Amino acid sequence: GLLVRRSVSGALLATVDAGSPVTHMAADSRADRLLTGHADGMVRVWRASDFTLLADRRLHRGAVKAVTVDGPGTRFASSGADGKVFVWSDIETVRAMQSPPVDAWTLAFSPDGRWLSGGGWFRLFRWNLQDASLAVLSTPHHGIIKSVEYLGDGNVLATIRRQTDSSVYFLDPASGAALRSFQQHDLCGGDISVSADGRYLATTSDDASVRIWVLG
């Protein structure tokens with residue numbers, strides 16, 4: 001339940017009690033925002049630069065599964081073990097998205113601000129942010145899609161899986177089709193991230209490894 005900020009060298013800069021155990025968090029430096037999801041269903045918005053609490057909402061019954069921040073639009077989204085998905089902003093009220101068939105374990109806003117993507121067992125979720133409707137897309141994954149991240153202009157979605165294996169794919173976010181595949185980890189996949197310049201892909205795993213690919 002603690003938020004901690006450190007320098008690149010590891011020196012402790014600040015610590016704050018987040019109020020309850022943190023189950024997921026996301027930050028966006030462009031908006032100076034930090035979003036935390038909690039075991040008791042709370043979602044909290046902080047100013048990332050000084051840990052000032054800006055908003056405190058009880059959105060979910062049960063633990064929060066995933067949160068994400070859309071920096072340019074200063075929008076936020078969360079999903080929970082209750083199967084609910086919500087989107088809101090500093091100036092917009094909380095809106096419920098169409099519920100997915102299974103819990104969303106990960107969320108990401110598209111760069112153009114039109115879509116919210118998520119992942120569950122085997123399938124990709126794609127919400128239209130204008131009308132909150134949901135499309136459920138088949139993918140080549142055979143377990144929980146644990147982490148997703150858009151690349152560049154939003155035509156590619158980087159994904160990693162856990163449970164039955166640890167496959168890593170670039171998917172078409174509109175269809176779920178595989179555009180490119182990468183070497184699997186030895187154990188469950190954990191997280192995936194693409195560098196801001198689009199040159200590098202990094203993945204983590206329960207096998208305690210971190211893999212980095214040069215994308216070109």
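Quick note: structure is the one above.
*Asks:* Report on the nonpolar core, specifying residues and quantitative values.
*Replies:* Of all hydrophobic cores here, the largest spans 14 residues; its most connected members are V85, V87, M97, L107, L116 and W127. Leave out the neighbours within four places in its chain, and V85 touches S78, S79, R95, A96, M97, P100, A104, L107, L116 and W127.

*Asks:* Give a detailed account of the side chain of H60, specifying residues and quantitative values.
*Replies:* Along the polypeptide, H60 turns up in the loop between β6 (52-58) and β7 (64-70). Taking relative accessible area as the criterion, H60 reaches 3% and is therefore assigned buried. Setting aside residues no more than four positions away along its own chain, H60 makes contact with D40, G41, V43, S78, S79, G80, D82, K84 and F86.

*Asks:* Report on the pattern of salt bridges, specifying residues and quantitative values.
*Replies:* In the structure shown here, the tally under the stated rule is seven salt bridges. With a shortest N-O distance of 3.7 Å, R75 and D70 are connected by a salt bridge. Here the two residues R75 and D70 agree in accessibility, since each one is buried.

*Asks:* With reference to specific residues and values, describe a nonpolar patch on the surface.
*Replies:* Residues Y200, V210, I212 and V214 make up a contiguous nonpolar surface patch of roughly 410 Å² in combined accessible area. Relative to the helices and strands, Y200 is located in strand β20 (residues 200-205).

*Asks:* Can you break down the sheet that holds strand β3 (residues 22-28) residue by residue, with the values?
*Replies:* Adjacent strands of a sheet form backbone hydrogen bonds with each other and so pair up, either parallel or antiparallel. If you walk across this open sheet you meet the four strands as β3-β4-β5-β6, and the pairing is antiparallel. Since the sheet does not close on itself, it has two edges, and those belong to β3 and β6, each with one partner. Each strand axis lies, on average, 15 degrees off the axis of its neighbour in the sheet, ignoring direction. Note that strand β4 (residues 33-38) and strand β5 (residues 42-47) share five bridges and pair antiparallel. Opposite L35, over in β5, you have V45 as the bridge partner.

*Asks:* Kindly report on the sheet that holds strand β16 (residues 156-162), identifying the contributing residues and their values.
*Replies:* As summarised here, the arrangement of the four strands in space is β15-β16-β17-β18, forming an open sheet in which the pairing is antiparallel. Sheet topology places β15 (144-151) and β18 (178-182) at the edges, where each strand pairs with a single neighbour. Each adjacent strand pair in this sheet contributes to an overall mean axis angle of 25 degrees, direction not counted.

*Asks:* Talk me through the packing of aromatic side chains; I want residue IDs and the actual numbers.
*Replies:* Evaluated as defined, the whole model comprises five aromatic pairs. Where F182 meets W213, the ring centres are 5.3 Å apart and the plane angle is 65 degrees; that geometry is what we call edge-to-face. You can see F182 sitting in strand β18 and its partner W213 sitting in strand β21 (residues 210-214), a full 31 residues away along the chain. With respect to class, F182 is no different from W213; both count as buried. Here a set of aromatic residues connected by ring pairs shows up, and it is made of F170, F182 and W213. The side chain of R126 reaches across the aromatic face of W115, ending 3.7 Å from its centre.

*Asks:* Requested: an account of the environment of R61, with residues and values cited.
*Replies:* Along the chain, the position of R61 falls in the loop between β6 and β7. In this structure R61 comes out as exposed when scored by relative accessible area, which is 74%. It is 9.5 Å that separates the C-alpha atoms of R61 and A39, two residues lying 22 residues apart in sequence.

*Asks:* How would you explain unusual backbone geometry if you had to name every residue and give the values?
*Replies:* The phi dihedral of D32 falls on the positive side, at around 55 degrees, and the residue is not glycine. Relative to the helices and strands, D32 is located in the loop between β3 and β4. At F51, a residue that is not glycine, the phi angle is positive and equals roughly 60 degrees. Assessed through its relative accessible area of 11%, F51 is described here as buried.

What counts, and at which threshold
Residues numbered from 1 in each chain as written. Predicted model: local features only at pLDDT ≥ 70, side-chain atom pairs only at ≥ 80, totals over all residues. Heavy atoms only, no water. Core = buried A, V, L, I, M, F, W, Y, C linked by side-chain atoms within 4.5 Å. Buried < 20%, exposed > 50% of the residue type's maximum accessible area, 1.4 Å probe, protein only. Contact = heavy atoms within 4.5 Å. Helix = DSSP H or I, 4+ residues; strand = E, 2+ residues; numbered from the N terminus. Salt bridge = Lys/Arg side-chain N within 4 Å of Asp/Glu carboxyl O. Patch = residues over 30% accessible without salt bridge, like charges linked within 9 Å, V, L, I, M, F, W, Y side chains within 5 Å. Areas by Shrake-Rupley, 256 points an atom, 1.4 Å probe, with all protein chains shown as cover. Pairing = 2+ DSSP bridges. Axes fitted to C-alpha atoms, helices over the stretch in contact; angles between N-to-C directions. Phe/Tyr/Trp six-rings, centres within 6.5 Å; stacked < 30°, edge-to-face > 60°. Lys NZ or Arg CZ within 6 Å of the ring centre and 35° of its normal.

These results come straight from atomic positions and should not be treated as a statement about function.
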